[in-house]
Structures are given as structure tokens and as C-alpha cells.
Amino acid sequence: MSGIDDSGNEWEISGTTRVVGLIGYPATYSLSPAIHNAAYRAMGIDARYVVFPVQGDAVREAVAAIRALNLVGVSVTVPHKSAVVEYVDELTSAASRLSSVNWISNNDGTLVGDSTDGEGFLRALAQMHGVDVTGRHVAVLGAGGAARAIVGACVDAGCGQVTVMNRTQSAAIRLAELSPVIRVGSAPDVVSADVVVNATSVGMDGALVDEMPIDPSLLQPSQVVMDLVYSPNKTRLYTAARARGCEVSNGLGMLVHQAAAQIERWTGKPAPIDTMMRVVAPRVDDTDASEAT
Ligand code: NAP
């Protein structure tokens, strides 16, 4: 495709180069441009992915601009995932159920809001840990936007049991209303889970970096632990779970796979996961359990 020479070393912008955006705020430190652009390049797609830092009062205009500027679409991140719901023309069933959008497709002027976070989680779990959640017990710490996406995807994928634990019990109870497979639990329920997911903000850089969302002595060596936090790459939970003998990964796998799902929605072709994972590889901490303190 135009814009790329035979050796793949040039990647020029021309009059036909398409634009994909990310709207969020501040969003300027996002890894998504590197992940998406590496994929487009590997796929020979003449497009660029750029960040549009959009403040809250400009969200409506930003969504309208997708159509006006004939963008391919935009990813949507914090804090606009819920706000954009009312400005798109249609919602997919996943986005409608979650009232959250992380991808808006411009389908010939019709803006369709979608959510690929849940799919990204399931794909990351399968690719990085060889785990299919069908019939399994998944324990989810948290009941915010990411937790809702994960829980919904687990239910759709035929999870045997999903246990939700959250600081604010009422949010967990609301989440459990999605399906009878979901129950509200407490910390000791983690012991019987096959997969434990930290979908809280606990462990993120900043005020919560030294916190842990669960007592790690509850974790079992047979469990897969996925911490959706990826900044820092290795949270205290990540380190402690490794030390307990669990298989552990951070949120970079999900970040890559939710982007892959967006690219596949647009192109209809498989996204180059290996290329995309290589972009984040320097940040995927592979520290041995023996090094964990
Ligand atoms: P959110 O909607 O704001 O939800 C935050 C969740 O964290 C809530 O369950 C909240 O509990 C809990 N929480 C916050 N502070 C806490 C504390 N001090 N102690 C215990 N629980 C606390 O945020 P989100 O969008 O779901 O994101 C949650 C995490 O997932 C973030 O770390 C985010 O970076 C990560 N994430 C990763 C990806 C990825 O691709 N890897 C994608 C999306 C999100 P309450 O209900 O009690 O407030």
C-alpha cells in the first residue's frame, strides 16, 4: 500500500494517509500510538494513529469531528469512556451493556461505539497464560469500568463462576446483577479461584503505588494472577504473586489485545500481535520469582 517502500523502511505520509485518533485527557503518555502504528506499519496500512487530548467540555465536538474529518475512528480512554456514549449514533451490545465505549468506528458517517476491553482481557489470558475461562472460576477485584468489561466478557465466555470483590460493596452488588454466574465475595473467596484479576486502581503509580488490593497469602501457586495495572510494570501485588509461585502478568497484554480487536474491527484482518507485543516488551517485567522481595 502507498506510503511504504519495498523494504518497509520508509513510511511517508501522503494525501491519502488515513488518521485514527485517541481521545482522552491527558492521554499524552499513552502507549497506544506506538502499539497501533507498529501494527499499521506491519500490515502495510497507510494510516497513522495520533493522540487528541480532549478536555471534558469538548467531548461532543471531538466526536462530531470524527465524521467531519473522515477519521477512520478513534479509541477512547479515561475520562471519556462513559461520556461519549450519548454522542455516537449506535452502540454495540458490549458497549450498551457496559455504558462504556473504548472504540468508535466511522462507518461511512455512522459512528458506532464499541468496547473491546473485555475481549482484550480474554485474548490476553489465552495468549499469555493458555487459559480459556469456560467453566473456570475467575475472581475479580474491583467493580469499576474495567471490572465490568471483564466480568461481562467472562460471563459471555461461559465462566463457571465469577466472584466480584470491591471496596464499595454496592458497586459489586450492581455488577452481580448482570448474571446469576456472578456472586459478590470477600477476600477468602480468592483461594478457590483459577484466575485472580486486579481491576482496581490499587498499585498504580501515585498515591496507591504501595498498596495491595488483596492479602497475597491467599494466593495459590496454581493460580494465574493478572494485574491490569501496567504503570508501574510490576506492582507490589505482581511481585508478591510471583513469590507465591503464581503465573503473573501485568495489564500490557490486555492493552495490546484490546488494541488488536480495534484494528480487526476496522480492517477485518488479524492484527500482528507479536509485533504489537514487541512494542511493549521492554515494559513487560519478566523478573523471576526468586528475585521478588
Ligand atoms: P474505575 O472505573 O475508576 O474503577 C476503579 C476501581 O478501583 C473501583 O473498583 C474502586 O473501588 C477501586 N479502587 C480505587 N481506589 C481504591 C482503593 N484505595 N482501595 C480499594 N479499591 C480501590 O477505573 P477502571 O477504568 O475500572 O480502571 C481500574 C484499573 O484497571 C486501573 O488501574 C486502570 O489503569 C486499569 N485498566 C487497565 C486496562 C488495560 O488495558 N490494561 C484497561 C482499563 C483499565 P470503589 O468502587 O470502592 O471506588
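Just above, that's the structure.
Residues numbered from 1 in each chain as written. Predicted model: local features only at pLDDT ≥ 70, side-chain atom pairs only at ≥ 80, totals over all residues. Heavy atoms only, no water.

**A word on the overall build of the chain**
Tallying secondary structure elements over the chain gives 9 helices and 12 strands in all. When the backbone C-alpha atoms are referred to their principal axes, the chain occupies close to 60 × 40 × 35 Å. Expressed as a percentage of the 293 residues in the chain, the buried residues total 48%. Expressed as a percentage of contacts within the chain between residues at least 6 apart in sequence, the contacts between residues at least 24 apart total 67%. A total accessible area of about 13200 Å² is found for the chain, and carbon and sulfur atoms account for 50% of it. Side chains of the chain give 21 positive and 31 negative charges; the mean places of these two sets differ by 3 Å. (Helix = DSSP H or I, 4+ residues; strand = E, 2+ residues; numbered from the N terminus. Buried < 20%, exposed > 50% of the residue type's maximum accessible area, 1.4 Å probe, protein only. Contact = heavy atoms within 4.5 Å. Areas by Shrake-Rupley, 256 points an atom, 1.4 Å probe, with all protein chains shown as cover. Lys, Arg positive; Asp, Glu negative; His and termini not counted. Charge placed at Lys NZ, Arg CZ, Asp CG, Glu CD.)

**Brief notes about unusual backbone geometry**
Here the residue pair Val78 and Pro79 is connected by a cis peptide bond, since its omega of 5° sits within 30 degrees of zero. Along the chain, the position of Pro79 falls in the loop between strand S3 (73–76) and strand S4 (90–91). Look at the link from Ser231 to Pro232: it is a cis peptide, with omega at 10°. One can find Pro232 in the loop between strand S11 (224–227) and helix H7 (236–243). Here the phi dihedral of Ser99 falls at roughly 50°; this positive angle occurs in a residue that is not glycine. For Ser99, the position within the fold is in the loop between helix H3 (93–98) and strand S5 (103–107).

**So, the sheet that holds strand S12 (residues 247–249)**
Spatial ordering of the open sheet is given by S9-S8-S7-S10-S11-S12, a layout of 6 strands whose pairing is parallel. Unpaired on one side and paired on the other, strand S9 (182–184) and S12 mark the two borders of the sheet. With strand direction ignored, the average angle separating the axes of adjacent strands in the sheet is 20°. Contacting strand S10 (195–198), S11 and S12, helix H4 (residues 117–129) runs over the sheet at an angle of about 130° to S11. (Pairing = 2+ DSSP bridges. Axes fitted to C-alpha atoms, helices over the stretch in contact; angles between N-to-C directions.)

**Some details on the nonpolar core**
In this structure, Phe121, Leu125, Val138, Val140, Ile150, Val162 and Val164 are the most contacted members of the largest nonpolar core, which totals 27 residues. What Phe121 contacts, discounting residues up to four positions off in sequence, is Ile150, Cys154, Val197, Met226 and Met254. By size, the runner-up hydrophobic cluster in this structure holds 24 residues, among which are Ala27, Tyr40, Met276 and Val280. (Core = buried A, V, L, I, M, F, W, Y, C linked by side-chain atoms within 4.5 Å.)

**Points about the site of the ligand**
In the region of the ligand, 20 residues are neighbours, and Ala146, Asn166, Arg167, Thr168 and Gly251 sit closest. At 2.5 Å from an oxygen atom of the ligand is found a side-chain nitrogen or oxygen belonging to Thr168. Between the ligand and the protein, one listed contact pairs an oxygen atom with a backbone N or O atom of Ser201 at 3.2 Å. For the ligand, whose unbound accessible area comes to 920 Å², protein coverage reaches 73%. Elements supplying a minimum of two residues to the shell around the ligand: helix H5 (145–156) and helix H8 (252–267). Class assignment for the residues of the shell around the ligand results in 11 nonpolar, 8 polar and 1 charged. (Near = heavy atom within 4 Å. Polar contact = N/O pair within 3.5 Å; in protein donor to acceptor, adjacent residues only side chain to side chain. Nonpolar A, V, L, I, M, F, W, Y, C, P; charged D, E, K, R; others polar.)

**Regarding the packing of H4 against H5**
The N-to-C vectors of H4 and H5 enclose an angle of 65°; their axes lie 7 Å apart at closest approach. When the axes of H4 and H5 are compared, the pair comes out roughly perpendicular. Crossing of H4 over H5 shows right-handed handedness. On H5, the residues touching Asp117, Gly118, Glu119, Phe121 and Leu122 of H4 are Ala149, Ile150, Ala153 and Cys154. In terms of residue class, the contact of H4 with H5 is made up of 6 nonpolar, 1 polar and 2 charged. (Parallel < 35°, antiparallel > 145°, perpendicular 65-115°, else oblique. Left-handed = near helix turned anticlockwise from the far one by under 90°.)

**Some details on helix H9 (residues 273–280)**
The periodicity of an α-helix, 3.6 residues per turn, causes residues three or four places apart in sequence to face the same way. Every buried residue of H9 is listed here: Ile273, Met276, Met277 and Val280. Taken down its axis, H9 places every buried residue within 100° of arc, on the same side. Exposed residues on H9 whose side chains face more than 90 degrees from its buried face are Asp274 and Arg278. Where the residues of H9 are buried, they touch helix H1 (32–43), H4 and H8. (Arc of directions from axis to C-beta.)

**Looking at the side chain of Thr116**
Position of Thr116 relative to the elements: it lies in the loop between strand S6 (110–114) and H4. Judged by relative accessible area, Thr116 falls into the buried class, the value being 0%.

**Comments concerning the state of the cysteines**
Inspection of the entire model under this criterion finds 0 disulfides. Summary of cysteine pairing: Cys154 is not part of a disulfide, and the nearest cysteine sulfur, belonging to Cys159, is at 4.2 Å. (Disulfide = S-S within 2.5 Å.)

Interpretation in functional terms is not warranted from these geometric data alone.
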